[in-house]
Each structure stands twice: as structure tokens, then as C-alpha cells.
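Chain by chain, the residues:
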Amino acid sequence: MKKKLLSIVLSLTLVIGCCATFAPATVQAKKFKASKVKIVKFSPEYLMLPEDDIACKKVYLFINKNKQVARVDVTVRYFKGKEEVHTDKFACEISKIAYIGIGNIEESYDTYKVDISKVRKAKGVKQIKKKKVKITYKKTDVKGRKKVTIKNKSKSNGVFQIVNVFYNKKGKVVDMQCTHLLDIKKKKKKSDYLFFKAVTGLGSKIKYKKMKTFYNFIKY
């Protein structure tokens, strides 16, 4: 009788052990880390951002490697002597990349100061997955510019942007080219133009080693 009981206990132990081995593991979302948001500065030769009419003298890039959208608030103060002549405030929600331009103001100034708040997770802001977006390219000229059509196949309205960043052989950023921020409703599409070669706003070429494309797709 004792042998029979021992056999039953061993059998139950094996069954429980097997169930534990093959039970599906609980998937936990990776925590947001501020250290995964990289801030890169570069001084373009001549770069006009899509939303500006004046070339900027320096660009700050915020590259986000988190699964979640990041947020950073930036204040740029311009001074003529000791007098503050202009202030720009930016609330950057970073899906994959965000940017701000420095010096793209009409007022004359001598110096500027940049204040960057603590990088944190953007509350209530979610990304639209790339597989829910259809992107088509059509070459339009020999300078490397293409017509880009973005179709929002998701169930959410959103804001879409594609950014190309160009690096030299030392891995430093030398240029960026981007589409406008496109407001696209669900199941709709819009088009814009994007350079796939590093060029200045004056049309001259910039030497670079590689290009990386970032996709910013954010739900309303």
C-alpha cells in the first residue's frame, strides 16, 4: 500500500512539474528608461526644417529607443547682450525621433541658452505600429528626392512623419531630412516629399557614410 501511495505522489509531482514547464509565461512590458533617449546635436551647413522659413544654425535630435513614447520639454532663450529678445518653448513627444532647430528666428541675437527638462514617459500617448501603415515611394528627381505616400491602415487617427538621418564615417550626424507632420485620419492617405540623400537647403551635396530612417507614427 505504501508503495502504491508513493507511486501516486511521484506521478502527481511529475504532472505538476510538466504543467509548470509548459505553462505560458506572463509577458511583461519593458519599463520606460530615460537613458534610452539619446540627445544628439549637430550644426547643419544650411537646413530649413519643414515648419520654418529660416535656416537653423543648430539642431537637437532626440532619439527614443523605448517601446513607449517619450516626452521632453525644451525652452530656448535668445539674448542680445544681457537682454532676452525671444523665447521658444517646445513640448516634444518622441515616438522614434524628435527635433528642434536653434537660430531659426527673425530677431537678431548674440547668444542663446537651451533648457531641457527631465526625459519622461509621455502619458496617454501611444504609437501606431508600422505594420498598420503602408508607405510607398516614387522617385521625382535626380537629387535624391522622392514622393512619399503614407496610408493609415489602423483604426486610429494619427500624426505621421518620416525622418532620414545621415551619418559620416565617424558615426556623427551631418544632416537630416524629413517630411512635414502629416495629420492622417484612419483608412486615409497623404503624400509629401523627402530627400534620400544629404543635401543643403541650397541644393549642394553633403558627404555621408550611411542613412537611417525613423518612423514617427502617433495616435491622437
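Please refer to the structure higher up on the page.
Residues numbered from 1 in each chain as written. Predicted model: local features only at pLDDT ≥ 70, side-chain atom pairs only at ≥ 80, totals over all residues. Heavy atoms only, no water.

Some remarks on the sheet that holds strand β8 (residues 133-139)
Step number 1: One open sheet holds the three strands; their spatial order is β8-β9-β13, and the pairing between them is antiparallel. Taken across any chain shown, the strands that pair with only one partner, and hence form the sheet edges, are β8 and β13 (189-195). With strand direction ignored, the average angle separating the axes of adjacent strands in the sheet is 25 degrees.
Step number 2: Sheet topology note: the β8/strand β9 (residues 145-152) ladder contains seven bridges and is antiparallel. Residue pairing across strands places K139 opposite K146, the latter belonging to β9. (Pairing = 2+ DSSP bridges. Helix = DSSP H or I, 4+ residues; strand = E, 2+ residues; numbered from the N terminus. Axes fitted to C-alpha atoms, helices over the stretch in contact; angles between N-to-C directions.)

Concerning the packing of aromatic side chains
Pairs of aromatic rings are described using the distance from one ring centre to the other and the angle between the two planes.
Step number 1: Across all of its chains, the model carries six aromatic pairs by this definition.
Step number 2: Between Y78 and Y109, the aromatic rings sit 4.8 Å apart at their centres with planes inclined by 65 degrees, giving edge-to-face as the arrangement. Of the two residues, Y78 is situated in strand β3 (residues 70-80) and Y109 in the loop between β5 (97-102) and β6 (111-116); the sequence distance between them amounts to 31 residues.
Step number 3: Taking the relative accessible area as the measure of exposure, Y78 reaches 0% and is therefore buried.
Step number 4: Residue classification places Y109 among the buried residues on the basis of a relative accessible area of 16%.
Step number 5: Relative to F217, the ring of F160 lies with its centre 5.3 Å away and its plane at 45 degrees, an arrangement referred to as tilted. Taken together, the residues F160 in strand β10 (residues 158-167) and F217 in strand β14 (residues 210-219) connect sequence positions 57 residues apart.
Step number 6: Accessibility expressed as a relative area gives 0% for F160, which makes it buried. (Phe/Tyr/Trp six-rings, centres within 6.5 Å; stacked < 30°, edge-to-face > 60°. Buried < 20%, exposed > 50% of the residue type's maximum accessible area, 1.4 Å probe, protein only.)

Describing the nonpolar core
If you look at soluble globular proteins, the nonpolar side chains tend to sit buried side by side.
Step number 1: Grouped together as the largest cluster of nonpolar side chains are 17 residues, with contacts concentrated most on V59, L61, V165 and M176.
Step number 2: Contributions of two or more residues to this core are made by β1 (37-42), β2 (58-64), β5, β10 and β11 (173-178).
Step number 3: If we ignore the near neighbours within four places in the chain, the residues touching M176 are F42, L47, L49, V59, L61, Y99, V163, N164, V165 and F166.
Step number 4: One finds F62, Y78, I94 and I102 within the second-largest nonpolar core, a separate group that totals 16 residues. (Core = buried A, V, L, I, M, F, W, Y, C linked by side-chain atoms within 4.5 Å. Contact = heavy atoms within 4.5 Å.)

Focus on the side chain of D192
Step number 1: Inspection of the secondary structure puts D192 in strand β13.
Step number 2: One buried charged residue, D192, forms no salt bridge at all, with the nearest opposite charge on R145 at 7.5 Å.
Step number 3: A distance of 2.7 Å separates the side chain of D192 from the backbone nitrogen of H180, its partner in a polar contact. (Lys, Arg positive; Asp, Glu negative; His and termini not counted. Salt bridge = Lys/Arg side-chain N within 4 Å of Asp/Glu carboxyl O. Polar contact = N/O pair within 3.5 Å; in protein donor to acceptor, adjacent residues only side chain to side chain.)

Looking at the state of the cysteines
Step number 1: Under the defined criterion, the tally for this structure stands at zero disulfides.
Step number 2: Left unpaired, C178 is separated from the closest cysteine sulfur, that of C56, by 9.7 Å.
Step number 3: Note on C178: relative accessible area 12%, which makes it buried. (Disulfide = S-S within 2.5 Å.)

Some details on the environment of K113
Step number 1: Assignment of secondary structure puts K113 in strand β6.
Step number 2: By relative accessible area, which is 48% here, K113 ends up partly exposed.
Step number 3: Separated by 26 residues in sequence, K113 and T87 place their C-alpha atoms 9.6 Å apart.
Step number 4: Contact partners of K113, with chain neighbours within four places excluded, come to T75, V76, R77 and F79.

Observations concerning the side chain of D88
Step number 1: Along the polypeptide, D88 turns up in strand β4 (residues 83-94).
Step number 2: For the buried D88, which has no salt bridge, the nearest side chain bearing the opposite charge is K89, at an N-O separation of 10 Å.
Step number 3: Here the side chain of D88 touches H86 through a polar contact of 2.9 Å, side chain to side chain.
Step number 4: Residues within four places of D88 in sequence aside, it is in contact with V74, T75, V76, Y78 and I105.

Considerations on the pattern of salt bridges
Step number 1: Counted by the stated rule, this structure contains six salt bridges.
Step number 2: Between E93 and R71 there is a salt bridge; the shortest N-O distance is 3.8 Å. With a gap of 22 residues between them, E93 in strand β4 and R71 in strand β3 connect regions that are remote in the sequence.
Step number 3: By relative accessible area, which is 35% here, E93 ends up partly exposed.
Step number 4: Of the charged contacts in the structure, one is a salt bridge between D110 and K80, with a shortest N-O distance of 3.7 Å. With D110 in the loop between β5 and β6 and K80 in strand β3, this residue pair connects regions lying 30 residues apart in the sequence.
Step number 5: We classify D110 as partly exposed; its relative accessible area is 48%.
Step number 6: Judged by its relative accessible area of 41%, K80 falls in the partly exposed class.
Step number 7: Salt bridges sharing common partners tie together R71, D73, E93 and R120.

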